[in-house]
Amino acid sequence: MRTPQEIIYRPAAGRVLARPSTSLAPRIVILGGGFAGVTTALELAKRCAGVLPVHITLVSEQNFFLFTPMLAEAATGAVETRHILYPIRPLCGEWGVEFGEMTVEAIDLERRRLIARHRRSPIRQQVQYDLLVLALGATPNVALVPGAMEHALTFKGVGDAVRIRNHVIDLFEAAALADDPWARQRLLTFVVVGAGHAGTELIAALEELTRGILLRHYPSIPKSSIRLVLVGKAILPQTATNLAAYTKEQLLRRGIELETTRAAEVSADGLKLQDGRIIPSHSVIWTAGNRVSPVVAGLCLPKTKDGRLLVNEFFEVQGTHGVYALGDNAAQTDPHTGVPYVATAQVASRQARALAAVLETEFTGREKKPFKFRVLGEMVPLCRHKAVADLQGLKLTGFPAWFLWKTIYMLKLPTLAARLRVLLDWTVELFFERDVSELAASETRRR
Ligand SMILES: Cc1cc2nc3c(=O)[nH]c(=O)nc-3n(C[C@H](O)[C@H](O)[C@H](O)COP(=O)(O)OP(=O)(O)OC[C@H]3O[C@@H](n4cnc5c(N)ncnc54)[C@H](O)[C@@H]3O)c2cc1C
């Protein structure tokens, strides 16, 4: 383990500031404040509290944890955006985990240190570690087709949810003033690329928001002006066939167009498909593909085709010592299926608990337990009181699935206060109109 002499103190003049550990205990640095990173840090801190002298540091670019399964609800105003965010500091403070709001820029595996900095600071911090946990997640792969990076909206972070909701309402305001029916339809054409969970959930939520709610407030807009298109080779490709078929039927019944031709290019005019057709639109939302954090992508280590790091059943990254990865950063083989676990919050949270146990054994010398987890199932909300659910073979559709989705995900929220806030949002919506005001922060206005 590291001694104080090994901690590198370099003057800030070099724009790199060494960040010494505040204790001589071994330092475990966990990167990423999502499902995997936060759960690992807290579980490990709980295991070590009062027993093992370890120094746990969590580094993430934002000081909150985002509950992504409710992002579509936040993007369409069904829940208040702030209610799906949870501050990391109080969670960490309670268990003595050090937190740094910094963006990790590079990792030097040989010297066991990383370079990170707060976005406002010109000075880079150099953080030494004894054990490193990589949980930096992934984002929609906007590099898949030309123009997506510049012209498509993404759907992953909290900013995306705020942007999408404002964008949709702004387009309705513009469409209400448009005389040309073609221009109006272009303003009101919403295209979601990627028919996996996130894309399917989002298009269903957009249908509810646009045709079900906003339309009531814009009497000059005919219903026929609103066009919703979901682009993807197959709907919910990883889901049981009958549930995917039910989902497809529901979406079609609600007038959502399904486009199976692949996307070729995104431009300011809309989405071009591979067969040359163009869907004119001001709103192309990209959810297709996943690409791991650039920091992970930059590590010269064995990876899968989609960039995830190959890890064994103890989360150890192949070709390293003392480096672990999990969640969307890791490709770990599911012993039940022989293929890597799907990148979901469900898997990331379970992996995190198991990794905390593995890390504890590093200090206790106890035997490590390999990670084995049978995926509990999946649920996809389709709004308008409908969802699909597959819980270890128990397949549900329609209202029962929707009710189950609401109950299970509400219980999965990290704190009691969070559960009450979301429950209140849902209850208010049962009796009152959804808020359709634009959150016109000056930044969004300028954009
Ligand atoms: C819209 C949507 C809906 C979803 N719905 C579900 C669902 O219903 N059920 C389910 O099981 N899964 C769902 N998922 C998938 C789930 O969100 C991910 O699998 C899960 O978040 C992975 O956890 P993670 O901790 O690996 O990564 P993340 O949760 O993405 O966390 C990564 C963290 O690292 C931080 N970070 C990234 N780069 C840096 C950097 N350079 N420096 C510092 N910090 C950095 C990020 O800010 C973030 O805090 C959904 C995903 C999306 C996008």
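The rules behind the values
- Residues numbered from 1 in each chain as written.
- Predicted model: local features only at pLDDT ≥ 70, side-chain atom pairs only at ≥ 80, totals over all residues.
- Helix = DSSP H or I, 4+ residues; strand = E, 2+ residues; numbered from the N terminus.
- Buried ≥ 20, exposed ≤ 12 C-beta atoms within 10 Å, placed from the backbone.
- Contact = placed C-beta atoms within 7 Å.
- Axes fitted to C-alpha atoms, helices over the stretch in contact; angles between N-to-C directions.
- Parallel < 35°, antiparallel > 145°, perpendicular 65-115°, else oblique.
- Left-handed = near helix turned anticlockwise from the far one by under 90°.
- Core = buried A, V, L, I, M, F, W, Y, C linked by C-beta atoms within 7 Å.
- Domains from an automatic or database assignment.
- Nonpolar A, V, L, I, M, F, W, Y, C, P; charged D, E, K, R; others polar.

Trainee: Lay out the overall build of the protein chain in plain terms, naming residues and giving numbers.
Mentor: Per the secondary structure count, the protein chain includes 13 helices and 26 strands. Based on the C-alpha atoms only, the size of the protein chain along its principal axes is roughly 75 × 55 × 45 Å. Burial analysis of the protein chain (447 residues in total) assigns 43% to the buried set. Put simply, 64% of the contacts in the protein chain that link residues at least 6 apart link residues at least 24 apart.

Trainee: Break down the packing of helix α11 (residues 398-412) against helix α12 (residues 416-431) for me, citing the residues and quoting the values.
Mentor: The geometry of α11 relative to α12 is characterised by a closest axis approach of 8 Å and an angle of 150° between their N-to-C directions. Considered as vectors, α11 and α12 are oriented roughly antiparallel to each other. Remark: the crossing between α11 and α12 carries right-handed chirality. Along its contact with α11, which presents K406, M410 and L411, the element α12 presents R419, V422, L423 and W426.

Trainee: Could you give an account of the nonpolar core, with specific residues and numbers?
Mentor: Among the nonpolar cores identified, the biggest contains 127 residues, and L134 and I285 are the most heavily contacted of them. Each of two domains, domain 1 (4-61 + 102-140 + 291-364) and domain 2 (148-288 + 377-446), supplies a minimum of three residues to this core. Dropping the residues within four chain positions of it, I285 is found in contact with A152, L153, F155, I164, V191, V192, V193 and L202.

Trainee: Could you give an account of the domain arrangement of the protein chain, naming the residues involved and the relevant values?
Mentor: Taken as a whole, the protein chain is organised into domain 1 (4-61 + 102-140 + 291-364) and domain 2 (148-288 + 377-446). Each of domain 1 and domain 2 was reduced to a C-alpha centroid, and the two centroids are 33 Å apart.

Trainee: Before we move on, can you summarise the packing of helix α1 (residues 35-48) against helix α10 (residues 345-364) with the specific residues and values?
Mentor: Running from N to C, α1 and α10 point in directions that differ by 35°, and their axes come no closer than 8 Å. Where α1 crosses over α10, the handedness of that crossing is right-handed. Mapping the contact onto sequence places F35, A36, T39, T40, E43, L44, R47 and C48 in α1 and A345, A348, S349, Q351, A352, R353, L355, A356, L359 and E360 in α10. Classifying every residue of the contact of α1 with α10 gives 10 nonpolar, four polar and four charged.

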